[in-house]
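Chain residues, written in single-letter form:
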Amino acid sequence: MDCRWTADAIIIGGGIIGCATGYYLTKKGLKVYLFEKEYLTAGSTGRCIGGIRQQYSTELSIKVAMESVKKFKIMKEELGMDVEFEQDGYLFLAHSEEKEKTYKQLIKLQRNMGLDVEYVDVPAIKEIVPGINTDGLLGGAYCPSDGQANPFLVVDGYARKIKEKGKVFTYCGIEKINIEGNKVISVTTINKENYFAPIVVNATGPFIREFSKHIGLDIPVFPERHESLITEPIEVFFKPMVVDYRPDGCYFHQKAKQGSIIGCYTPIPNVPGNDVRSSFEFIIEMGRRMARLIPKLADVKIIRQWAGSYEMTPDGNPIVDKTDIEGLWIIGGFCGHGFMLGPEIGYIAAEYITTGKPPYDISEFALKRDYSRKEVMK
Ligand SMILES: Cc1cc2nc3c(=O)[nH]c(=O)nc-3n(C[C@H](O)[C@H](O)[C@H](O)COP(=O)(O)OP(=O)(O)OC[C@H]3O[C@@H](n4cnc5c(N)ncnc54)[C@H](O)[C@@H]3O)c2cc1C
């Protein structure tokens, strides 16, 4: 390592993306310094519900998600800790012919890529989710190898590995990225300390647009509030994430070991901004929507609610790219899917950063792209 440098690479942001990228860079032999302004998982990652799915609408997203699942599968051995990964499936419900048609079309593409997804009819759904309300239900897209894991444990596992060679600083926000002659050279912390590295990765999640302004970059990532809740534990009676994408629908799954039900809905209209205050309206409305879908949930107690930010891009795809400033990388904008895609994104980013080439074509995730095409499975 050049003696000017404090580290081989500096990562800003201690969520899944910063930690996964830091881990894969460490695995490639780099000394990584990661800076987090609060505690690890303080951003969106610690507010997510841990869902992991592979049912997407483009070849690239399906591939990234499938590769991510492979990485979740071996995480226990790789990180030396159990991250509570379970392959309990995802079930997307179709309550309209239009949704049915979309799911059936996408299943063809997904199956061609080797995904174990199928269209299931209403009797099959009643077996998968006993007690489900089948009013207006036509069928669903079911993928048993989708699943869930614990975001706190995954981040902790990656951070421990980064620390074996480098350092993880918490409560140590980065105030600015320093550039000399169009090359990144260092970062300055809120304590006015400088740390030098030839590579800086901006993985600040929902803060990415705001934070990037001081270096003249306008990154199209727009935070949006999403709320969640968790219930008391009850006897486990269904496994998959049940996704009801009707405008007044919701999605939730039962935690495989512990029995709590955890879920969210996407508010209409969206609530823009990095606002992580939870609302009374959500807790009432979410309870109503869950009980509509599975009536016996009406008696289950909600024990906690919280809010976090989705980090939205105009087309629903993330940004994984270098910038025009040499050595500066942007990885963000996961539109509510960053946890599940995180392991593979960390791997792709580390390959791209160290070799100058991603392991496969990720031009759909380029910073300078046409943002008009939309991901359908959202
Ligand atoms: C309610 C909810 C449910 C969700 N459910 C799922 C799900 O089931 N599955 C899924 O895959 N995804 C889910 N998501 C989305 C997922 O949480 C995000 O896509 C993912 O966590 C983004 O990770 P990140 O590392 O990019 O961002 P973050 O986790 O937000 O990490 C960025 C970090 O950067 C830090 N930071 C910001 N500025 C600075 C600075 N200047 N200096 C130092 N540090 C800084 C922040 O404190 C933060 O910790 C959900 C999100 C929400 C809100």
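For the structure itself, look to the data block above.
Enquirer: Sorry, what's going on with the sheet that holds strand β19 (residues 328-332) here?
Expert: To summarise the sheet geometry, strands pair through backbone hydrogen bonds and adopt either a parallel or an antiparallel arrangement. With mixed pairing, 6 strands are arranged side by side in an open sheet as β8-β2-β1-β12-β19-β18. Whereas interior strands pair on both sides, the edge strands pair on one side only; in this sheet they are β8 (167-169) and β18 (319-322). Between one strand axis and the next, the sheet turns through 15° on average, direction left out of account. Seen against the sheet, helix α6 (residues 151-165) touches β2 (32-35) and β8 and runs at an angle of roughly 125° to β8.

Enquirer: Mind showing me how you'd approach the packing of aromatic side chains here?
Expert: Per the stated rule, a full pass over the model turns up 19 aromatic pairs. Centre to centre, the rings of tyrosine 23 and tyrosine 24 are 4.8 Å apart; their planes meet at 70°, and the pair counts as edge-to-face. The buried category is assigned to tyrosine 23, whose relative accessible area is 6%. An aromatic cluster of three or more residues is present, and its members are Tyr90, Phe92, Tyr103, Tyr245 and Tyr251. Across the ring face of tyrosine 347, the terminal group of lysine 71 is positioned such that the distance to the ring centre comes to 4.5 Å. The aromatic ring of tyrosine 119 is capped on one face by lysine 104, whose charged end is 4.7 Å from the ring centroid.

Enquirer: Could you clarify how one ought to interpret the site of the ligand in this entry?
Expert: Neighbouring residues of the ligand: 39 residues in total, closest Glu36, Ser44, Thr45, Gly338 and Met340. Contacts to the ligand include isoleucine 17, whose backbone N or O atom sits 3.0 Å from an oxygen atom. In the model, a nitrogen atom of the ligand is placed 2.9 Å from a nitrogen or oxygen of the isoleucine 174 main chain. Compared with its free state, where it exposes 1000 Å², the ligand has 98% of that area covered by protein. Secondary structure elements with two or more residues in the shell around the ligand: α1 (16-27), β13 (222-231), β17 (302-312) and α9 (338-355). The biggest single contributor to the shell around the ligand is β17, with 4 residues. Grouping the amino acids of the shell around the ligand by side-chain chemistry returns 17 nonpolar, 18 polar and 4 charged.

Enquirer: Just to check I follow, could you spell out the pattern of salt bridges for this structure?
Expert: Any two side chains of opposite charge can pair, on the condition that their charged atoms come close. The full count for this structure, using the stated rule, is 20 salt bridges. The partner of lysine 257 in a salt bridge is glutamate 86, and the shortest N-O contact between them spans 3.0 Å. Here glutamate 86 lies in the loop between α3 (75-79) and β4 (90-94) and lysine 257 lies in the loop between β15 (251-254) and β16 (261-265), a separation of 171 residues in the sequence. In the salt-bridge network here, residues are joined through shared partners; they are Arg225, Glu227, Asp275 and Arg277.

Enquirer: How should the packing of α1 against α6 be read in this particular structure?
Expert: For any two helices packed against each other, the geometry is given by the interaxial angle and the distance between the axes. Relative to each other, α1 and α6 sit at 40°, their axes nearing to 8 Å. Comparing their axes, α6 and α1 come out oblique. Of the two possible hands of crossing, α1 and α6 adopt the one that is left-handed. Contacts from Ile16, Cys19, Ala20, Gly22, Tyr23, Tyr24 and Thr26 in α1 reach Val154, Val155, Tyr158, Lys161, Ile162 and Lys165 in α6.

Enquirer: Help me understand the pairing of strand β6 (residues 139-143) in this model?
Expert: On a regular strand, one side chain projects to one face of the sheet and the next to the other, so that they alternate. Taking burial as the measure, the 5 residues of β6 include 5 buried ones, the bulk of the element. The two faces of β6 match: Gly139, Ala141 and Cys143 on one face and Gly140 and Tyr142 on the other face are all buried. Sheet analysis places β4 next to β6, joined by 5 bridges and oriented antiparallel. Residue alanine 94 lies in a different strand from β6, and its bridge partner there is glycine 139. As defined by bridge partners, strand β5 (residues 118-120) adjoins β6 across 3 bridges and the pair is classed as antiparallel. The residue bridging glutamate 118 from the neighbouring strand is tyrosine 142, located in β6.

Enquirer: Looking at this structure, how should I read the packing of helix α2 (residues 59-73) against α9?
Expert: At a minimum axis distance of 8 Å, the contact between α2 and α9 shows a crossing angle of 90°. Our classification of the angle between α2 and α9 gives roughly perpendicular. Contacts between α2 and α9 involve Val64, Ala65, Glu67, Ser68, Lys71 and Phe72 from the former and Phe339, Met340, Leu341, Gly342, Pro343, Glu344, Ile345, Tyr347 and Ile348 from the latter. Classifying every residue of the contact of α2 with α9 by side-chain character gives 10 nonpolar, 2 polar and 3 charged.

Enquirer: Help me understand unusual backbone geometry in this model?
Expert: The linkage connecting isoleucine 268 with the following residue, proline 269, adopts the cis geometry, with an omega of -5°. Tracing the sequence through the fold places proline 269 in the loop between β16 and α8 (280-293). With a phi close to 65°, asparagine 182 is a non-glycine residue in the positive phi region. Positionally, asparagine 182 belongs in the loop between β9 (174-180) and β10 (183-189). Its identity is not glycine, yet cysteine 335 carries a phi of approximately 50°, on the positive side. The residue cysteine 335 is located in the loop between β19 and α9 in this model. Overall, the relative accessible area of 2% leaves cysteine 335 in the buried class.

How each quantity is defined
- Sequence order as written defines the numbering, with residues in each chain counted from 1.
- Residue-level local features of this predicted model are given only where pLDDT is at least 70; pairs of side-chain atoms are given and counted only at 80 or more, and the full residue set underlies all totals for whole chains, interfaces and linings.
- Values reported for side chains reflect all heavy atoms of the structure, with hydrogen atoms and water molecules removed beforehand.
- Between any two strands, pairing holds if DSSP finds at least two bridges.
- Strands here are runs of E lasting at least two residues and helices are runs of H or I lasting at least four, both read from the DSSP assignment and numbered beginning at the N terminus.
- Helix axes are fitted to C-alpha atoms over the stretch in contact, other axes to C-alpha atoms as well, and angles between N-to-C directions run from 0 to 180 degrees.
- Contacts between residues were defined by any pair of non-hydrogen atoms, one from each residue, lying within 4.5 Å.
- Side-chain rings of Phe, Tyr and Trp (the six-membered ring for Trp) are treated as a pair once their centres are within 6.5 Å; stacked means planes under 30 degrees apart, edge-to-face means over 60, and tilted covers the remaining angles.
- Here the term buried applies to any residue with accessible area under 20% of the maximum for its type, exposed to any over 50%, and partly exposed to those in between, with areas from a 1.4 Å probe on protein chains only.
- Counted as over-ring charges are cases with an Arg CZ or a Lys NZ within 6 Å of the ring centre that also lie within 35 degrees of the ring normal.
- The nearness test applies per residue and asks whether one of its heavy atoms lies within 4 Å of the molecule or strand.
- Two N or O atoms form a polar contact when they lie within 3.5 Å of each other; inside protein one atom must be a possible hydrogen donor and the other a possible acceptor, and for residues adjacent in sequence the pair counts only when both atoms belong to side chains.
- A 1.4 Å probe and the Shrake-Rupley method give the accessible areas. Residues count as covered only by the protein chains that appear here.
- Here the nonpolar group is Ala, Val, Leu, Ile, Met, Phe, Trp, Tyr, Cys and Pro; Asp, Glu, Lys and Arg are the charged ones; every other residue, Gly included, is treated as polar.
- Here, a salt bridge means any side-chain nitrogen of Lys or Arg that lies within 4 Å of a carboxyl oxygen of Asp or Glu.
- Throughout, the term roughly parallel applies to angles under 35 degrees, roughly antiparallel to angles over 145, roughly perpendicular to angles from 65 to 115, and oblique to all others.
- We call a crossing left-handed when the near helix sits turned anticlockwise from the far one by less than a right angle, and right-handed when that turn is clockwise.

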